[in-house]
There are 2 protein chains.
Amino acid sequence: MTAVIQRELDEFLYQQVVRLIRQLQQQQLLRPGERLPSLRQLSSQLGISIPTVRQGYEELERLGLIEARDRSGYYLKAQHQPECRPGRLPLSNKPVPVRQQSLLEQFYQAVHQPGILPLGIAQPSMAQPSEKALLRTMRRVTTLAGQQVMHYGPIDGFAPLKRQLALRYLDVGLSLQPDDLLITNGGQEALAIALQAVAKAGDVIAVESPTYFGVLELIETLGMLAVEIPVCPDDGIWLADLEQALASQPIKACIFSTAISNPMGSFMPDTQREALVQMLEQRGIPLIEDDVYGELYFGAARGRPAQCYSCKGLVLTCSSFSKTVAPSYRVGWLLPGRYGREVWRLKRALSFASSLLNQWTLCEFIASGEYDRNLKKLRQALKLNKERMMALVQQHFPAGTKVSNPQGGAVLWVELDKPADCSLLFQQALQHGISIAPGTLFSPSQKFRNCLRLSFGVRWQPEVELAIQKLGILARQA
Amino acid sequence: MTAVIQRELDEFLYQQVVRLIRQLQQQQLLRPGERLPSLRQLSSQLGISIPTVRQGYEELERLGLIEARDRSGYYLKAQHQPECRPGRLPLSNKPVPVRQQSLLEQFYQAVHQPGILPLGIAQPSMAQPSEKALLRTMRRVTTLAGQQVMHYGPIDGFAPLKRQLALRYLDVGLSLQPDDLLITNGGQEALAIALQAVAKAGDVIAVESPTYFGVLELIETLGMLAVEIPVCPDDGIWLADLEQALASQPIKACIFSTAISNPMGSFMPDTQREALVQMLEQRGIPLIEDDVYGELYFGAARGRPAQCYSCKGLVLTCSSFSKTVAPSYRVGWLLPGRYGREVWRLKRALSFASSLLNQWTLCEFIASGEYDRNLKKLRQALKLNKERMMALVQQHFPAGTKVSNPQGGAVLWVELDKPADCSLLFQQALQHGISIAPGTLFSPSQKFRNCLRLSFGVRWQPEVELAIQKLGILARQA
């Protein structure tokens, strides 16, 4: 055995056991139907306690990878995943208007119905809630700041928060001046302002396919057109497809996620981010970079925002605290590149300043180190949830179902065999108290009818497992 | 003497003394240079204590209405206000594009400079801060609500807050369903969404003249044109002028304040509001009603929002907690009339939900009765500040200066003799650590160069009096 337990890692020991067994399986050193080492055996081989090994085995059992057989130990189960990842889509050959209000309205209504298990909405921070620490911070802030915290804050944001954010960008080699950063009412306002700064009604905007429906709704609301660029399940958009689209269509701007795409969960490598920025800046086309999941990577590091590779100031980076700490605070930010003046003015005209109290609290939350401690725990919790939910989907959904393997974030993209209709599945799931996000929301051209997005950004509990099981049954009937 | 002290009124007794003497002066029962009743005399006549009478006289002295003469008592001063209110302006004969970024940017930068006395920005709640009560409420909410308060709230707003607001509208005879109300990120977002729901780039929008610069900036940002309708210092816009403009210009929508206009401080009588709504609905033209100062009336009652008179659903009412409790919370609301669907969708696309924690806190603040208690004290404080600041302006500004007599809100509109240039005055005042709002900000057509707006929404302190004195000196030099 080459893999060994490393006590200095962040990973829990039992998770290292999980990883070890998966490795053995992948290397085919352990094959379906074979018996795993006994608890005692592995405990003495690895120098860890028997309960720790048992915890790892129990987790593997939950994940559906192994099974316990009475008085005989644990066995590796058969897996049905020869090609389980979503496939490559063809590039669209023309832009389309966006019209999908009615399904979206039903979807949003469902999310806020009481008693509904919200697997449809992406709220990663719920996997590892930090509200106690945050509220402690808020109380400290209100005591210290007094009346001042009730005043209008500056329109471009609370300067100390901007400073904290600028400091964080230094870690990825980005040196920002205070004017290079504007605070917004959450990530959605950042996207809305960025898009209005670079394009107008009638313009063609390149988006990922599938893409976050908030982007599509924004394009629809502003009277623009969308052209879809297929996303590779691993690496973000296919650059060759983008190049082809740029050559043939009058693209005015692009909105892509470089870090963790939503819903696909792909992660664009740094070299590819650099190539993307070069391709667009050469042609003078702005890139709006949706980086809201940037801190929720499962790999070794967060990767450098595309912003780092910009030479001409044509990259606008949008991010937010909504996915990492507090959706309810509505605090996001925008690095506007060369569009500082337009962006500042749009913010002032459209919504004036953002909540000062919330900004001040988040500023203290970062400064005190709580934010980073929380992020670390959140990434761990999300990664674990992902493994669990992927395994449950593979176990309960019909054969032929494909599922993404997200490199971060909080959602799985599930592709059923055609001609399954997930809008119907959405309605049926609702009747069982579960909300999901049907695939058609993620495309302006009625693609992805047979797909759905599931959020693993939840507090893990038996109800979640039962819900996936129920969804699997419904999917088999579909 | 017909006027008597009424102990059951909200008004402090000493303020009733102030009112009595002003009445005597207006009725010319007491004339400039004449001696006021002695403290002892008035005390026994009115049945109140000598210190209370003295407090009233001291206030009158601060207001510059009377003066104490050594060992001889108090005397009514001579007043130079034969026609002290701003005059009527002619109606513009064509719409104009809005372009005033550069002055506005300087203005906003000035407001947030440390150490500047902010007489330029309207923050009425600062006259009677309620941050302690509000923070107590917030702590209660966070304890009660727990983790839930960190989640995304519904896009159209926190339902219990919507209910509280709907209950308040019942008092003015408006019966609302939950869908008749949408929560926004402050009043500016409410205006932005309302305007985008009813008009598009290139459309002509009727505005007050002078009008709040946030409205002008919004029109500019959305690529619309403005046509200015003069405001009467007492009653809001001149309806005859509006009628004339409607007949001759392609007005697509109107943005007016019906309650307290900003900067003029006029208050449209209910009958006139009704006539306004009829005039517009007959022609199928939407009215966006800016009601952010609606609760800050100095008269007997708040008046009915124009919304109450709408038959066709063409009135959109915008309001906010920013002027009454907490500018920093960024919570406003919108009654969209028949534009519910458009407005809901715009909110979702442009900024998603508003801060749940802040909404929840304000909901509790209303439900507990604190909001109304606070409003009552705030109106008293503002009214007193108004009297003080008006008197100081009359005392220190050059002869010929006209000043509005606002019926509520937090600002005075001051008109200097032409050709004074208040943009210059703005720069000079800044060098003395005072920010004011120069008049040209309030018109897209370079009107009001000789005007300025002064905020009395401040904690009254000697610095404020010194600042008005200093402004008076600068104005004399202008």
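Conventions adopted
- Residue numbers run consecutively from 1 along every chain, following the written order of its sequence.
- Labels follow written order: the first chain is A, the first ligand is 1, and so on.
- Totals for whole chains, interfaces and linings use every residue, but because this is a predicted model, local features are given only for residues with pLDDT of at least 70 and side-chain atom pairs only at 80 or more, for both listing and counting.
- The basis for every side-chain value is the complete set of non-hydrogen atoms in the structure, without hydrogens or water.
- Each copy is superposed on the other by least squares, with the fit set by C-alpha atoms of residues at a pLDDT of at least 70 in both.
- The contact criterion used is simple: two residues touch if any of their non-hydrogen atoms lie within 4.5 Å.
- At least two bridges found by DSSP between two strands are what make those strands a pair.
- Numbering of helices and strands runs from the N terminus, with a helix taken as a DSSP run of H or I at least four residues long and a strand as a DSSP run of E at least two residues long.
- Whenever a helix is involved, its axis is fitted only over the stretch in contact; in every case the axis is a line through C-alpha atoms, and angles between N-to-C directions fall within 0 to 180 degrees.
- Should an angle fall under 35 degrees it is called roughly parallel, over 145 degrees roughly antiparallel, and 65 to 115 degrees roughly perpendicular, with every other angle called oblique.
- Should the near helix be turned anticlockwise from the far one by less than a right angle, the crossing is termed left-handed; should it be turned clockwise, right-handed.
- Classification of residues uses two cut-offs on accessible area relative to the type maximum, computed with a 1.4 Å probe and protein chains only: under 20% is buried, over 50% is exposed, and between them is partly exposed.
- For the handedness criterion, the strands are oriented away from the viewer, and a crossover whose path from the first strand over the helix to the second runs clockwise is classed as right-handed.
- By buried area we mean how much accessible surface two parts lose on assembly, using a 1.4 Å probe and totalling the loss over both.
- One side-chain nitrogen of Lys or Arg within 4 Å of one carboxyl oxygen of Asp or Glu is enough to make a salt bridge.
- All amino acids are sorted into three groups, where Ala, Val, Leu, Ile, Met, Phe, Trp, Tyr, Cys and Pro are nonpolar, Asp, Glu, Lys and Arg are charged, and the leftover types, Gly among them, are polar.
- Here the term cavity refers to a set of points on a 1 Å grid, laid over the protein atoms alone, in which a 1.4 Å probe fits but cannot get out; the term pocket refers to an open set having protein on both sides within 12 Å along at least five of seven lines, with lining residues being those that place an atom within 4 Å of a point.
- Grid points are joined across faces, edges and corners, and a volume is the space filled by probe spheres set on the points.

> Whenever I open this one, the relation of the copies chain B and chain A confuses me. Can you help?
The operation relating the pair of chain copies consists of a rotation about an axis and a translation along that axis. Once chain B is rotated about the relating axis by 180° and shifted along it by 0.1 Å, it coincides with chain A to within an RMSD of 0.2 Å. Such a combination of rotation and displacement between the chain copies is what one expects of a two-fold axis. Counting the interface residues of chain B, we find that 100% of their copies in chain A are interface residues as well, pointing to one common contact surface.

> Teacher, can you tell me more about the sheet that holds strand E13 (residues 402–403) of chain B here?
The strands that make up a sheet pair up through hydrogen bonds in the backbone, lying either parallel or antiparallel. The four strands are arranged E13-E14-E17-E16 (chain B) in an open sheet whose pairing can be described as antiparallel. Each of the sheet's edge strands pairs with one partner strand only, and the pair in question is E13 and strand E16 (437–438) of chain B.

> Sorry if this is basic, but what is going on with the packing of helix H7 (residues 186–198) of chain B against helix H8 (residues 213–221) of chain B here?
Two numbers describe a pair of packed helices, the interaxial angle and the distance between the axes. All names here are of chain B. Where H7 meets H8, the axes come as close as 11 Å, and the angle between the chain directions of the two elements is 40°. On the basis of their axis angle, the class for H7 and H8 is oblique. Regarding H7 and H8, the two cross each other, and that crossing is right-handed. Contact with H7, carried on its side by Gln188, Leu191, Ala192 and Leu195, involves Gly214, Val215, Leu218 and Ile219 of H8 and no other residues of that element.

> Looking at this model, I keep getting lost on the pairing of strand E10 (residues 287–290) of chain B. Mind explaining?
Two faces belong to every sheet, and in a regular strand the side chains alternate between them. Residues Leu287(B) and Glu289(B) of E10(B) are buried on one face, and the alternating residues Ile288(B) and Asp290(B), pointing to the opposite face, are buried as well. With respect to chirality, the unit in which strand E9 (residues 251–256) of chain B leads through helix H10 (residues 270–282) of chain B into the neighbouring parallel E10(B) is right-handed.

> Just to check I follow, could you spell out the interface of chain B and chain A for this structure?
Every contact between the two is made by 58 residues of chain B and, on the other side, 58 residues of chain A. The largest per-residue losses of area from chain B upon contact with chain A belong to Met150(B), Tyr152(B) and Arg348(B), which jointly make up 16% of the total buried on that side. Notably, a salt bridge pairs Glu105(A) with Arg341(B), separated by 3.2 Å at the nearest N-O pair. If you list the elements that add at least two residues to the side of chain B that touches chain A, you get helix H4 (101–111), helix H5 (131–145), H7, H8, helix H11 (340–350) and helix H12 (356–367) of chain B. Within the side of chain B that touches chain A, the residues separate by chemical class into 28 nonpolar, 19 polar and 11 charged.

> Would you mind going over empty space enclosed by the protein with me for this structure?
A water-sized probe, rolled over the atoms, reveals where empty space remains. Enumeration over the complete set of coordinates arrives at nine cavities of 30 Å³ or more. In this model, the largest cavity occupies a volume close to 340 Å³. In terms of lining, the largest cavity is formed by 28 residues, of which the most central are Gln188(B), Tyr212(B), Asn262(B), Tyr293(B) and Lys323(B). Counting only elements with at least two residues in the lining of the largest cavity, the list comes to H4, H7, H8 and E9 of chain B. Residues belonging to the lining of the largest cavity are distributed by class as follows: 15 nonpolar, eight polar and five charged. Its volume calculated, the second largest cavity comes out at about 240 Å³. For the lining of the second largest cavity, the element with the most residues is helix H7 (residues 186–198) of chain A, which contributes three residues.

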